[in-house]
Amino acid sequence: MAKRKTKKNEVRPVVLDTDSCAIWWIKRDMRLADNEALNNAIQQHDRVIALFICEPSLYNAADTSPMHVFAWWQGLRALQQAFRALGGELYFAKGEAVDVFEHLYKNTPFAAIYSHEETGNGLTFERDKAVRRWSDTTGVAWLEHTQNGVVRGLADREARSNIIQQRLFQTAPIAAPTKINPWFIKEDAMVDTSWPAYEDLGTEPVDDRIQFRLMQPISERFAQDELKNFLDERVDFYSRGISSPNSAFQTGSRLSVHLAWGTISLRTVFFESNERIAHWKSSQSPEARHWIKNVAAFQSRLHWHDHFIQRLESASYMEYRALNPAFEQMAYEDEPALLQAWIDGQTGIPLVDACMRCLLATGFLNFRMRAMLVTTACFGLRLSWQELQYPLAQVFYDYEPGIHFSQMQMQAGIVGINTMRVYNPHKQILDQDPNCVFIKKWIPELADFSSDEIIDYNNRRLGDYPEPVDDIAVNGADIKSQITRIKKSDEAVEPTATVLAKHGSRLRSKKKTSKKKPVTPSPQMQLPF
């Protein structure tokens, strides 16, 4: 039989070699630059597609909200455009991960899946284990890559310091690819190139208090612009501005949401900030020392990012129970009406309510105010950290499970190795919002009252605004007493020592010590950086 002649300019159908085809499975790494999983997939395979799986179980998880879906949509929409500009294609799948991979493999077999390691909630942990079983059964390679200083299967805490140095400081960020050769999937009801409608997967109604127009835009370009603007201009005000909810929106780095969803890598942030420090060190400017100090202050906080994620990586159970088992005996009241008042910003405690309403609208709040929300709820309202962690996760636009679950227990005072710190909401008004600017912005029913009247909320009615729902001083004393008693008990000695050895920081103290009385740095002030 004669061979069919190909007409000039006719495109032949591509016959795929399955060994040449790979999938970049997008998780919390919505970027092209410094993406080891994507880079390795392109280097080792002729054809690569990008895939994000819209999992119904994740859409409807207790810690997910429409706010997070909005973040995914923004980041992935921009990533798809960037991917297409390089010749590639990003697909969206509707279904659970194993079902999606099985469906794709039956239609068009592929050789490998590339992704980054994810330290997520219990649901994603179980999902990943199921994908690993599927990978082992089918023979499709699943290669997971690191993207931060979190070490999976960490056996030696002391060795982590060298690993972090190698990953984050001794290697430069990877350049974004310049060309991507895709393989094409036959689109169907499960997989196509269009973002699915929220109602197709999500069952939780969209809270009308969310003001999407006030939320940070999320994309790789916006992340890079945010970092540049911060290091070039705003870092000058960093140290003195991050504690107040009035100034933190401008003086903070505002990179938390980009780090959470992976539109920028932690290595890139360290690399660029170190470049700025080197620039100022070589500068003759009298302001150099001041700028270096602020960049260093930013980096010192950035170092804690992976420390807390490592806790969840090493103790996945902490989403469900106390890291320190001695504190499982804590007795909270967990009054549903108080929990709902706290969630809705209706506790009658002005700064607490303003902070919650700000979160409900924008998804952002500075660290000090977040800590105050948790300590007020756990100590002042006697609400357990378990009752708080999912509602609070839903309103954190920058929700990072490892940091979130670690901070919930730390602020609740039940880790056993930290100094108990309770943020008094009345004192925080005096310190951080003395003119009640932030309070009046987010609680419009208080706009006509003077700052003196608002600050006196414990002793007077403020129109239709509710009175304080409980006596937080009395409740706080009770919770503190419980924690102190448990910490001093015999049954707490062994588990607390275990927590300290496995999860305590390794940061060396920088405080000057007397030659006559040398002070041993607290293990809580040690971190391997």
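Each chain has its residues counted from 1, running along the sequence as written. Totals for whole chains, interfaces and linings use all residues, but because this is a predicted model, local features are given only for residues with pLDDT of at least 70 and pairs of side-chain atoms are given and counted only at 80 or more. The basis for every side-chain value is the complete set of non-hydrogen atoms in the structure, without hydrogens or water.

Here the focus is the overall build of the protein. Numbering of helices and strands starts at the N terminus; helices are DSSP runs of H or I of at least 4 residues and strands are runs of E of at least 2. Tallying secondary structure elements over the protein gives 24 helices and six strands in all. Expected size for 529 residues packed as a compact globule is a radius of gyration near 24 Å; at 25 Å, the protein falls within 12% of this value. Across its three principal axes, the protein shows a C-alpha extent of roughly 95 × 60 × 55 Å. The proportion of buried residues among the 529 residues of the protein is 53%. Computed with the Shrake-Rupley method and a 1.4 Å probe, the accessible areas treat only the protein chains shown as cover for residues. For the protein, the computed accessible surface area is about 24800 Å², with 52% contributed by carbon and sulfur atoms. Distance from the positive charge centre (62 side chains) to the negative charge centre (65 side chains) of the protein: 8 Å. C-alpha atoms define the radius of gyration in this analysis, and the globule rule sets the expected value at 2.2 Å times the number of residues to the power 0.38. Three labels apply to residues, based on accessible area from a 1.4 Å probe with only protein chains included: buried if under 20% of the type maximum, exposed if over 50%, partly exposed otherwise in between. The charge count includes Lys and Arg as positive and Asp and Glu as negative, but it does not include His or the ends of the chains. In plain terms, the charge of a residue is placed at NZ if it is Lys, CZ if Arg, CG if Asp and CD if Glu.

Two aromatic rings, drawn from Phe, Tyr or Trp (for Trp, its six-membered ring), form a pair once their centres lie within 6.5 Å of each other, and the interplanar angle then sorts them: stacked below 30 degrees, edge-to-face above 60, tilted otherwise. Applying the stated criterion to the full structure yields 24 aromatic pairs. On the basis of an interplanar angle of 55 degrees and a centroid distance of 6.0 Å, the ring pair of Phe52 and Trp72 is categorised as tilted. Of this pair, Phe52 sits in strand S2 (residues 47-54) while Trp72 sits in helix H3 (residues 66-85), and the two are 20 residues apart along the sequence. Grouping residues by exposure puts Phe52 and Trp72 together as buried. Between Phe110 and Trp183, the ring centres sit 6.2 Å apart and the planes meet at 25 degrees, which makes this aromatic pair stacked. Of this pair, Phe110 sits in the loop between helix H4 (97-107) and strand S4 (112-116) while Trp183 sits in the loop between helix H6 (160-169) and strand S6 (191-192), and the two are 73 residues apart along the sequence. Three or more aromatic residues link up through ring pairs in this structure, and these residues are Trp25, Phe101, Tyr105, Phe110, Trp134, Trp142 and Trp183.

Side-chain atoms within 4.5 Å are what join buried Ala, Val, Leu, Ile, Met, Phe, Trp, Tyr and Cys residues into a set we call a nonpolar core. Counting residues in each nonpolar core, the largest one holds 66 residues, and the members touching the most others are Trp342, Leu373, Leu392 and Ile439. Looking at this core, the elements that each hand over two or more residues are helix H15 (336-344), helix H16 (350-362), helix H17 (367-380), helix H18 (385-394), helix H19 (401-411), helix H21 (437-442), helix H22 (451-455) and helix H23 (472-488). With nine residues, H16 is the largest single contributor of residues to this core. Any two residues having at least one pair of non-hydrogen atoms within 4.5 Å are treated as being in contact. Leave out the neighbours within four places in its chain, and Leu373 touches Trp342, Val352, Cys355, Met356, Leu359 and Leu365. Of all hydrophobic cores here, the second largest spans 37 residues; its members include Leu58, Val69, Ala260 and Tyr397.

The element strand S3 (residues 90-94) is largely enclosed, with a buried count of four among its five residues. At least two DSSP bridges between two strands are needed for those strands to be called paired. Of the pairings in the sheet, the one linking S3 to S6 comprises two bridges and is antiparallel in character. In the strand pairing of S6, Phe92 is matched with Asp192.

Turning our eyes to something else, we now look at the packing of H17 against helix H20 (residues 425-432). The angle between two axes is taken between their N-to-C directions and runs from 0 to 180 degrees, where each axis is a line fitted to C-alpha atoms and a helix contributes only its stretch in contact. Look at H17 against H20: their axes get within 11 Å of each other, and the N-to-C directions meet at 160 degrees. Taken as axis vectors, H17 and H20 run roughly antiparallel relative to one another. Here H17 and H20 pass one another in a crossing that is left-handed. Of the residues in H20, those in contact with Arg368, Met369, Met372 and Thr376 of H17 are Pro425, Gln428 and Gln432. For this classification, Asp, Glu, Lys and Arg are treated as charged, while Ala, Val, Leu, Ile, Met, Phe, Trp, Tyr, Cys and Pro are nonpolar and the rest, including Gly, are polar. Considering only residue class, the contact of H17 with H20 consists of three nonpolar, three polar and one charged. Note that the term roughly parallel is reserved for angles under 35 degrees, roughly antiparallel for angles over 145, roughly perpendicular for angles of 65 to 115, and oblique for everything else. Less than a right angle of anticlockwise turn of the near helix away from the far helix marks a crossing as left-handed, whereas a clockwise turn marks it as right-handed.

Attention now goes to the confidence of the model for the protein. Confidence scores labelled pLDDT are given residue by residue by the predictor and lie between 0 and 100. Counting all residues, the mean pLDDT for the protein is 90, and 92% of those residues have values of 70 or more. Taken as a whole, residues 1-16 scores under 50 in pLDDT and shows seven contacts with residues more than four places along the chain or in a different chain. Contacts of residues 509-529 to residues separated by more than four positions or lying in other chains number 40 contacts, the stretch itself having pLDDT below 50.

This next bit is on the environment of Met30. Within the fold, Met30 resides in the loop between strand S1 (21-25) and helix H1 (36-44). Expressed as a C-alpha distance, the spacing of Met30 and His258, which sit 228 residues apart in the sequence, is 9.1 Å.

Within helix H24 (residues 493-503), burial applies to Pro495, Thr496, Val499 and His503. The arc that holds every buried residue of H24, seen down its axis, measures 100 degrees, which confines them to one face. For H24, the exposed residues lying more than 90 degrees away from the buried face are Val493 and Glu494. Residues of H24 that are buried in the fold lie against helix H14 (304-314). By construction, the arc corresponds to the directions joining the helix axis to the C-beta atoms.

It is worth spelling out the pairing of strand S5 (residues 141-145) at this point. Pairing geometry for S4 and S5, over five bridges, is parallel. Residue Ala112 lies in a different strand from S5, and its bridge partner there is Ala141. Following the chain from S4 across helix H5 (residues 122-138) to the adjacent parallel S5, one finds a crossover that is right-handed. We call a crossover right-handed when, viewed with both strands directed away from the observer, the connection leading from the first strand over the helix to the second proceeds clockwise.

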